[in-house]
Amino acid sequence: YEPGSTFKILTAASALDAGLVTPSEGFYCSGSIHVEGGRIKCWGRPHGAESFAQALQNSCNPVFVEMGLRLGVDRFYDYLSDFGIGQATGVDIPGEASGIVIPRSTVKRVDIARIGFGQSVAVTPVQMLTAACAAINGGRLLTPCVVREITDGNGETICQSQTRVRANPIKAETSATMRVLLEAVVREGGGKNAAVPGYRVGGKTGTAQVYVDGVVSTDKHIGSFL
């Protein structure tokens, strides 16, 4: 499925890690942005003046279009590859899909703009979860495990899952910044309903497109929260 705005976690982490933006950098959302002659809308009313941190809280599409374009094809694709996008995670259950990523050789500027806010790319839920964990766990892309261990009839451990690091897509300092930014999404932004008294919670909302007979539906979406 196209993840929508939960994917902005990866775009934000990539742009911050590459030094292309800071949390305090200012932007202006007029409600839309033009790319290659096409108009890409924000999801609601214009957000006006906002910092990058606030753009993440507001889930502002035009700002994340800008991040995708700043990163460019090769750098953005390098980060996404390191986050495991377009690859099987290696989770210990059969039948895993690898998601769908437009080949580098054919991806267009407008595609990069849309990938920045989670369209024109398809992921599996476990793939999205694994990538987002890497954004906030210190920058380690891990192989996910469903089974912790297997024991025999006597309670003796036959095999046990081990932590396996597949890649390090971002620096630990970038990951620490992402934790602060995503906590603010729950504290001040669109994720307020996820707040739990007594706990520090970070997260990101997402509304994904659904295709019906090859056309984007106007009345069906996939709502998610990570």
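So, how was this worked out
- Residues numbered from 1 in each chain as written.
- Predicted model: local features only at pLDDT ≥ 70, side-chain atom pairs only at ≥ 80, totals over all residues.
- Heavy atoms only, no water.
- Pairing = 2+ DSSP bridges.
- Helix = DSSP H or I, 4+ residues; strand = E, 2+ residues; numbered from the N terminus.
- Expected span 1.5 Å × (residues − 1).
- Bend = angle between axes of the 7 residues up to and from the residue.
- Buried < 20%, exposed > 50% of the residue type's maximum accessible area, 1.4 Å probe, protein only.
- Axes fitted to C-alpha atoms, helices over the stretch in contact; angles between N-to-C directions.
- Parallel < 35°, antiparallel > 145°, perpendicular 65-115°, else oblique.
- Left-handed = near helix turned anticlockwise from the far one by under 90°.
- Contact = heavy atoms within 4.5 Å.
- Nonpolar A, V, L, I, M, F, W, Y, C, P; charged D, E, K, R; others polar.

Novice: How would you summarise the pairing of strand 9 (residues 157-160) if you had to cite specific residues and measurements?
Specialist: Summarising the sheet, strand 8 (residues 149-151) and strand 9 pair through three bridges and their orientation is antiparallel. Directly across from I150, in strand 9, lies its bridge partner C159. The hairpin turn running from strand 8 into strand 9, its antiparallel successor, is five residues long, and G155 in that turn takes a positive phi close to 85 degrees.

Novice: Which residues make up helix 3 (residues 61-82), and what values go with them?
Specialist: The terminal C-alpha atoms of helix 3 lie 23 Å apart, and with 22 residues this falls more than 12% below the ideal 32 Å at 1.5 Å per residue. The largest bend along helix 3 measures about 105 degrees and falls at G72. Within the span of helix 3, buried status applies to N61, P62, V63, F64, V65, M67, G68, L71, F76, Y77, Y79 and L80. Positive phi appears at G84, one or two residues downstream of helix 3, with a value of about 85 degrees.

Novice: Any details on unusual backbone geometry? Residues and values, ideally.
Specialist: You will see that E36, though not glycine, has its phi angle at about 50 degrees, which is positive. Mapping E36 onto the fold places it in the loop between strand 2 (32-35) and strand 3 (38-41). Its relative accessible area of 52% is what places E36 among the exposed residues. The phi torsion at S120 lies on the positive side, around 60 degrees, for a residue other than glycine. With respect to the secondary-structure elements, S120 resides in the loop between helix 4 (109-115) and strand 6 (121-122).

Novice: Which residues make up the pairing of strand 2, and what values go with them?
Specialist: Here strand 2 runs beside strand 3; their pairing, made up of four bridges, is antiparallel. Within strand 3, the residue paired with I33 across the bridge is I40. If you look at the hairpin formed by strand 2 and strand 3, you'll find two residues sitting between the two strands, and E36 has a positive phi there, around 50 degrees.

Novice: Explain the packing of helix 1 (residues 8-17) against helix 3 to me, and be specific about the residues and the numbers.
Specialist: Look at helix 1 against helix 3: their axes get within 9 Å of each other, and the N-to-C directions meet at 70 degrees. Taken together, the axis directions place helix 1 and helix 3 in an arrangement best described as roughly perpendicular. In terms of crossing hand, the pair formed by helix 1 and helix 3 is left-handed. Every residue of helix 3 that contacts helix 1 at K8, T11, A12, S14, A15 and D17 is listed here: N61, F64, M67, G68, L71, F76 and Y79. Split into classes, the residues belonging to the contact of helix 1 with helix 3 amount to seven nonpolar, four polar and two charged.

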